[in-house]
Amino acid sequence: MTSALPLPPTTPRVPAGPTTAQRADVIVIGAGALGAACAYFAARAGLSVLIVERGQIASGTTSACEGNLLVSDKEAGHELDLSLYSQRVWREDLAEFQRLWEFESKGGLVVARTETSAANLRDLAVRQRDAGIQVTDVAAEEISGFEPNINPELRGAAFYPQDAQLQPILMAAHLIRLARTLSPTSLLTNTEVTGLIREGDRVTGVRTSRGDYSGGAVINAAGPWASTIAQMADVSVPVLPRRGFVLVTEPLPKTVFHKVYAGEYVAATLSSDGGLQTSPVIEGTPAGTVLIGSSRERVGFDRTSSLPVLRQMAREAADLFPVLRKKKIMRFYAGFRPYCPDHLPVLGHDSRAPGLWHAGGHEGAGIGLSAGSAKLLIQSMVGERPDLDITPFTPDRFAENSYADR
Amino acid sequence: MVGPMSETTDLLVVGAGPAGLAAAVTAADHGLRVMLVDAGPQPGGQYWRHPDERYPVADESAGHHGWKVLTKLRDRLRVHRGAGHIDYRPGTQVWFIEAPKTESSPWYVYTTASVEAQPDHVPTGSVRAMRIVLCPGGYDRQLPVPGWDLPGVMAAGGVQALLKGSRTLAGRRAVVAGTGPFLLPVAVGLAEAGAEVVAICEAGNLTGWAKNVTGAVQVPSKGVEGAEYAKALVKHRIPYKTSTAVTRIDGDGQVQSAVLTALDRRGRPRSGSERAVEVDLVAFGWGFTPSMELVQAVGAETRIGSDESLIAVVDDMQRSTASRVYIAGEATGVGGAMMAVAEGELAGLGAAGDNGSSIDGARVRKLRGIIRRSAAFAQAMHHAHPVPARWTDWLTEDTLVCRCEEVTYAQVCHARDDLSADEARSVKILARPGMGWCQGRVCGFACAKIAAANEDRDLSPDDLARMSKRSLATPVSLEDLADLTLE
Ligand SMILES: Cc1cc2nc3c(=O)[nH]c(=O)nc-3n(C[C@H](O)[C@H](O)[C@H](O)COP(=O)(O)OP(=O)(O)OC[C@H]3O[C@@H](n4cnc5c(N)ncnc54)[C@H](O)[C@@H]3O)c2cc1C
Ligand SMILES: Cc1cc2nc3c(=O)[nH]c(=O)nc-3n(C[C@H](O)[C@H](O)[C@H](O)COP(=O)(O)OP(=O)(O)OC[C@H]3O[C@@H](n4cnc5c(N)ncnc54)[C@H](O)[C@@H]3O)c2cc1C
């Protein structure tokens, strides 16, 4: 790694206009969950960090999600391994900061509407137990003990004590603040990366709307916009946006106690269908509001509100929690999950463009997976052996031929 | 609560205040089929709020200016309703607007019963309209001050609404504070209804402006009003204190006293000048905040007005930058009721003309003249009544900035200074001001100012737009959404 640099430890703001070239060990593109977590673990490893963000901290998908750390929606496989690892990072490495981002280990309740889906849930639970997930079967008559306000006609459920929730915006902002306390770390907001600096194949820095910056390594943490950054290095990283809406209720006395969702949600998260999918995902927040998800559609970066989708979500929520029918919806928001066609994150060094690293493509799980992903990426960057093998997530899995060759 | 989709109407007017009434009757005069929706229970909007028309009172116009203008508009509305030209729906609130899919297809506007809906009101379901005139008005701008969460602290407009709408006094001993000429009618209204008004605290120093309240000359009717108010202040012995602000409010469960502090030339509270007065009511108005949620919902371009409010950009026929949407009244800049009437009429003419009716060019020119003069007057007024540059000096760490979510000034500063939130939206998503019941209507301006203060910069349209953009113009119940009729 290159040596330390002239960046002052805390320069929250840089005056507008061209700035002279500066260096950092690591340049992180994007201040979402992934960018913030990478900055934190890089700083913890003693690297100097420059974060370049087009908007503000968490102004991308990280402020338009629900903040769950889920194991319940995973089947055995690489993503589950990463998820369980990330759980450990949240609960152990970052234990002392949990309060800063309202970490709450509330548990998840997956419910079934029909006998068939109840049977499916039980089967899934068996497989998940084998894979190391803690899960208990919940009989129909026990459900109200978990959720007194839930539709009484459900046929069965499964409870996942490991499922947790945090406030993702606070998480990103505090991780960046903490990074500053560990190593020279700068954040440039309202600054867009417009190109990458190359020396031969190597990526050696970024061109931005405020001038050029060079870095020993450049991490692409641009969320659903990651493919654009990759293209700047003439490589393909096929991350695409998958739109989701969330409805927010008025603040209520505690009404929903766990993360509650219908069994069909697991199928929806694993699906590659481009059309609209909805399934009810409901939970309370410490602020008293209830968040109502979920929808999935591939419509590019279209922000236009879609009443048919919102209505569908409202119907499913009203069905699962009839008490919510008379409650007011105060607002809703749309976010773009960054997803890869093979539903695996993109994590690690890009040998097609040496010096460029990717941390993204976590689809609907990027908050939960951010801490683990970032820690593994930085381990690999500083030449340590990662705690978990990240080769299944390597960007090198994508087509060898670059955009330039086409 | 949600009915089926209506027939396509030529024009939907939102808001039945001065601007909306003028727009609706003007368009109907020109042969357009008009739907007029308004959250309020009867025509008049905020300015001409008056007792329930179903129980007539002899002095309906008490406390009102331009009452004749209202009664004329109201009569024309009645005629047009009788003839089936205007479908008027009080108690109806717009919560969502969908843009036309093509150049020739209608806007879709979704409505629900408002909190003020009466049992005999029939809210529409959703409305299909070829054109829209938005006249959503505005409300008093507020600034946080220690103790403003005590019962007995009210918006000046709220005090006036109680007086005008239900003839109710909000307190017995009051101080009216903030900035701008609209503090006068509120103080006089209170005094005439029998309250003791201890003082009007005007934060502006009014230099460069006529020193006294009679000086408004460019718009003759304004001058007359000013003179009337000056007389009333004398009659009721209401002290008018310039360069003075209420900087703290104390009380045990209810307002008991207010601290008046002199402001220096730079708008800083002058230490040592504090004086406590015993009151049970504090009415605040720091100018106005136009209601911008519908303007933003149609995607119309906005800018910062001369009073630092976010306002809509319109052309010389009140056309916004959104196709087939016209905007009039407070939402294009705060200028008082008569300016709103002129803008509303011009918008009605604009919509009629664009719809193919022939309109009177001389009238258009006349209206433009009225609007131009009123706007110049309003601008001078705004410059004479700025929000004090250093109002944050009177905040303490634990002053609530957002009363809904109980977010303190210290928490907002923590988000800004420690968590790198240098824009209002970041402050909002990190510290939660503006996330509660009112969705930032009350604290939006203050939060934007505090966020911008960090870099010592002026407010940008983005700062305010992000605090006032709302995915839903008003909260809607989950069942309204679930039971929605869509085409
Ligand atoms: C409705 C919904 C619900 C969700 N719920 C959950 C959940 O419960 N749990 C969970 O774990 N995940 C959830 N997710 C997914 C999660 O939000 C994402 O996986 C995660 O936020 C992605 O973080 P990121 O840092 O990769 O991307 P982002 O947060 O989008 O950050 C990328 C950043 O890069 C910046 N950027 C982009 N291009 C440039 C450029 N050229 N120059 C500079 N900066 C640039 C952007 O401005 C942005 O701030 C949900 C997503 C949605 C949409
Ligand atoms: C305390 C106070 C004192 C004032 N004193 C004076 C004065 O002395 N002289 C003067 O000239 N002016 C005065 N004004 C200003 C005057 O009230 C305004 O200039 C005038 O009311 C603006 O008219 P408008 O039609 O734009 O809006 P409004 O009168 O505010 O009417 C807007 C209407 O739109 C409705 N509406 C808003 N949103 C929606 C929605 N989503 N769906 C359905 N309906 C909606 C509202 O319910 C309201 O009925 C005063 C205002 C206040 C608050």
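If you're wondering where the values come from, they're calculated on a predicted model, not measured in any experiment. (Residues numbered from 1 in each chain as written. Chains lettered and ligands numbered in written order. Predicted model: local features only at pLDDT ≥ 70, side-chain atom pairs only at ≥ 80, totals over all residues. Heavy atoms only, no water.)

**Quick word on the overall build of chain B**
Right, so step 1: A tally of regular secondary structure across chain B gives 13 helices and 22 strands.
Right, so step 2: Here the C-alpha atoms of chain B give a radius of gyration of 22 Å, agreeing with the 23 Å that 2.2 N^0.38 yields for 487 residues.
Right, so step 3: Taken along its principal axes, the extent of the C-alpha atoms in chain B is 65 × 55 × 40 Å.
Right, so step 4: Put simply, of all contacts in chain B between residues at least 6 apart along the chain, 66% involve residues at least 24 apart.
Right, so step 5: Accessible area for chain B stands at about 18,900 Å²; split by element, carbon and sulfur atoms hold 51% of it.
Right, so step 6: For chain B, the centre of its 51 positive side-chain charges and the centre of its 56 negative side-chain charges are spaced 6 Å apart. (Helix = DSSP H or I, 4+ residues; strand = E, 2+ residues; numbered from the N terminus. Rg over C-alpha atoms; globule rule 2.2 N^0.38 Å. Contact = heavy atoms within 4.5 Å. Areas by Shrake-Rupley, 256 points an atom, 1.4 Å probe, with all protein chains shown as cover. Lys, Arg positive; Asp, Glu negative; His and termini not counted. Charge placed at Lys NZ, Arg CZ, Asp CG, Glu CD.)

**Some words on the interface of chain B and chain A**
Right, so step 1: Contacts between the two partners involve 37 residues from chain B, matched on the other side by 40 residues from chain A.
Right, so step 2: Roughly 3,400 Å² of surface becomes buried between chain B and chain A when both sides are summed, with 57% attributable to carbon and sulfur atoms.
Right, so step 3: For the pair chain B and chain A, the interface holds three salt bridges.
Right, so step 4: Here B:Glu479 and A:Lys326 are joined by a salt bridge, their closest N and O atoms 2.8 Å apart.
Right, so step 5: Along the contact surface separating chain B from chain A lie twelve residue pairs in polar contact (both at pLDDT 80 or more).
Right, so step 6: Listed by contribution, the elements that provide at least two residues to the side of chain B that touches chain A are strand E4 (92-98), helix H9 (409-417), helix H10 (424-431), strand E22 (476-477) and helix H13 (478-482) of chain B.
Right, so step 7: A breakdown of the residues in the side of chain B that touches chain A according to their chemical character gives 17 nonpolar, nine polar and eleven charged.
Right, so step 8: Bridge analysis of strand E17 (residues 328-339) of chain A against E22(B) gives two bridges, and the strand direction is antiparallel. Across the sheet, the residue bridging to A:Ile329 is B:Val476, located in E22(B). (Buried area = accessible area lost by both parts, 1.4 Å probe. Salt bridge = Lys/Arg side-chain N within 4 Å of Asp/Glu carboxyl O. Polar contact = N/O pair within 3.5 Å; in protein donor to acceptor, adjacent residues only side chain to side chain. Nonpolar A, V, L, I, M, F, W, Y, C, P; charged D, E, K, R; others polar. Pairing = 2+ DSSP bridges.)

**Section: the pattern of salt bridges**
Right, so step 1: Applying the stated criterion across every chain, the model contains 38 salt bridges over all chains.
Right, so step 2: A:Arg113 is the partner of A:Asp319 in a salt bridge, and the nearest nitrogen-oxygen pair spans 1.9 Å. On the criterion of sequence distance, the pair formed by A:Asp319 in helix H8 (residues 307-320) and A:Arg113 in the loop between strand E5 (108-112) and helix H3 (115-130) is long-range, its members being 206 residues apart.
Right, so step 3: On the basis of relative accessible area, A:Arg113 is assigned to the partly exposed category, the value being 32%.
Right, so step 4: Linking B:Glu405 and B:Arg432 is a salt bridge whose minimum nitrogen-to-oxygen distance equals 3.1 Å. You can see B:Glu405 sitting in the loop between strand E20 (400-402) and strand E21 (407-408) and its partner B:Arg432 sitting in the loop between H10 and helix H11 (444-453), a full 27 residues away along the chain. Across the pair, B:Arg432 and B:Glu405 agree in class, each one buried.
Right, so step 5: Residues participating in the shared-partner salt-bridge network are A:Arg44, A:Asp93, A:Lys375 and A:Asp387. (Buried < 20%, exposed > 50% of the residue type's maximum accessible area, 1.4 Å probe, protein only.)

**A few points about the nonpolar core**
Right, so step 1: With 137 residues, the main nonpolar core has A:Trp101, A:Ile219, B:Val246 and B:Ile249 as its most contacted residues.
Right, so step 2: Here this core takes ten residues from helix H1 (residues 33-44) of chain A, the largest share from any one element.
Right, so step 3: Non-local contacts of B:Ile249, meaning those with residues more than four positions away in its chain, are made with B:Val145, B:Pro146, B:Gly147, B:Trp148, B:Leu150, B:Val153, B:Val255, B:Ser257, B:Ala258, B:Val282 and B:Phe284.
Right, so step 4: If you look at the next biggest cluster of nonpolar residues, it comprises 40 residues, including A:Val260, A:Phe332, B:Tyr108 and B:Leu481. (Core = buried A, V, L, I, M, F, W, Y, C linked by side-chain atoms within 4.5 Å.)

**What about the sheet that holds strand E10 (residues 196-202) of chain B?**
Residue and element names in this part refer to chain B.
Right, so step 1: Strand order in the open sheet made by the five strands is E8-E15-E9-E10-E11, with parallel pairing throughout. Because the sheet does not close on itself, it has two edges, and the strands there are strand E8 (153-155) and strand E11 (240-241).
Right, so step 2: In this sheet, E11 lies alongside E10 in parallel orientation, the contact comprising two bridges. When the bridges of E11 are listed, Cys201 appears paired with Lys241.
Right, so step 3: Sitting on the sheet, helix H3 (residues 156-166) is in contact with E8 and strand E15 (281-286), with an inclination near 85 degrees to E8.
Right, so step 4: Running over the sheet, helix H4 (residues 183-192) touches strand E9 (173-179), E10, E11 and E15 and is turned about 175 degrees from E10. (Axes fitted to C-alpha atoms, helices over the stretch in contact; angles between N-to-C directions.)

**Considerations on the packing of helix H1 (residues 18-29) of chain B against helix H2 (residues 67-82) of chain B**
All names here are of chain B.
Right, so step 1: Where H1 contacts H2, the axes come no closer than 10 Å and their chain directions differ by 45 degrees. The angle between the axes of H1 and H2 places the two elements in the oblique class. Crossing of H1 over H2 shows left-handed handedness. Packed against H1, whose contacting residues are Pro18, Leu21, Ala22, Val25, Thr26, Ala28 and Asp29, the element H2 presents Leu70, Leu73, Arg76, Leu77 and His80 at the interface. (Parallel < 35°, antiparallel > 145°, perpendicular 65-115°, else oblique. Left-handed = near helix turned anticlockwise from the far one by under 90°.)

**So, the site of ligand 2**
Residues and elements named next belong to chain B.
Right, so step 1: In the vicinity of ligand 2 there are 32 residues, among which Ala19, Asp38, Gln46, Val94 and Ala337 approach most closely.
Right, so step 2: A distance of 2.9 Å separates an oxygen atom of ligand 2 from a polar backbone atom of Gln46.
Right, so step 3: One of the backbone nitrogen or oxygen atoms of Gly336 is found 3.4 Å away from an oxygen atom of ligand 2.
Right, so step 4: In isolation ligand 2 has 990 Å² of accessible area, and contact with the protein removes 93% of it.
Right, so step 5: No other element matches E4, which puts three residues into the shell around ligand 2.
Right, so step 6: For the shell around ligand 2, a count of residues per class yields 15 nonpolar, 13 polar and four charged.
Right, so step 7: Three or more residues apiece are contributed to the shell around ligand 2 by two domains, here domain 1 (8-139 + 289-359) and domain 2 (142-286). (Near = heavy atom within 4 Å. Domains from an automatic or database assignment.)

**Description of the pairing of strand E2 (residues 34-37) of chain B**
All names here are of chain B.
Right, so step 1: Neither face of E2 is open: one carries Val34 and Leu36, the other Met35 and Val37, and all of them are buried.
Right, so step 2: In this sheet, E2 lies alongside strand E1 (residues 8-14) in parallel orientation, the contact comprising four bridges. Bridge pairing links Leu12 to Met35 in E2.
Right, so step 3: For the segment spanning E1, H1 and E2, crossover handedness is right-handed.
Right, so step 4: For E2 and strand E3 (residues 86-89), the ladder comprises four bridges, and the chain directions are parallel. Counterpart to Leu36 in the pairing with E3 is Tyr88. (Right-handed = clockwise from strand over helix to strand, strands pointing away.)

**Observations regarding the packing of helix H2 (residues 78-93) of chain A against helix H9 (residues 366-381) of chain A**
Residues and elements named next belong to chain A.
Right, so step 1: Contact geometry of H2 with H9 gives a least axis separation of 7 Å together with a crossing angle of 90 degrees. Classified by the angle between their axes, H2 and H9 sit roughly perpendicular to one another. Where H2 abuts H9, its residues Glu79, Leu82, Ser83, Tyr85, Ser86, Val89, Trp90 and Asp93 lie against Ile367, Gly368, Leu369, Ser370, Ala371, Gly372, Ser373, Lys375, Leu376 and Gln379.
Right, so step 2: Along the lines of polarity and charge, the residues of the contact of H2 with H9 split into eight nonpolar, seven polar and three charged.

**Some words on the domain arrangement of chain A**
Residues and elements named next belong to chain A.
Right, so step 1: Domain assignment breaks chain A into domain 1 (23-64 + 168-238 + 342-397) and domain 2 (108-159 + 240-339).
Right, so step 2: On the domain 2 side, the residues contacting the eleven residues of domain 1 number 16 residues.
Right, so step 3: Buried area between domain 1 and domain 2, summed over both chains or domains, comes out near 1,100 Å², and the portion from carbon and sulfur atoms is 60%.
Right, so step 4: On the domain 1 side of the interface with domain 2, the three residues burying the most area are Pro224, His343 and Glu363, jointly 48% of the side's total.
Right, so step 5: Taken together, domain 1 and domain 2 are joined by two salt bridges.
Right, so step 6: For the salt bridge of Glu363 with Arg296, the shortest nitrogen-to-oxygen distance reads 3.9 Å.
Right, so step 7: Counting across the domain 1 and domain 2 interface gives four residue pairs in polar contact (both at pLDDT 80 or more).
Right, so step 8: Residues of the side of domain 1 that touches domain 2, tallied by class, amount to four nonpolar, six polar and one charged.

**Points about the sheet that holds strand E12 (residues 244-250) of chain B**
Residue and element names in this part refer to chain B.
Right, so step 1: If you trace the three strands from one edge of the open sheet to the other, you get E12-E13-E14, paired in antiparallel fashion. Sheet topology places E12 and strand E14 (275-278) at the edges, where each strand pairs with a single neighbour. The average undirected angle you get between the axes of adjacent strands in this sheet is 30 degrees.
Right, so step 2: In the sheet, E12 pairs with strand E13 (residues 257-262) via six bridges, with the strands oriented antiparallel.

**Concerning the packing of aromatic side chains**
All names here are of chain B.
Right, so step 1: All chains considered together, the criterion is met by 14 aromatic pairs over all chains.
Right, so step 2: Seen in terms of ring centroids, Phe96 and Tyr110 are 6.2 Å apart; in terms of plane orientation they differ by 55 degrees. Their pairing is tilted. Of the two residues, Phe96 is situated in strand E4 and Tyr110 in strand E5 (residues 107-113); the sequence distance between them amounts to 14 residues.
Right, so step 3: Judged by relative accessible area, which is 6%, Phe96 ranks as buried. (Phe/Tyr/Trp six-rings, centres within 6.5 Å; stacked < 30°, edge-to-face > 60°.)

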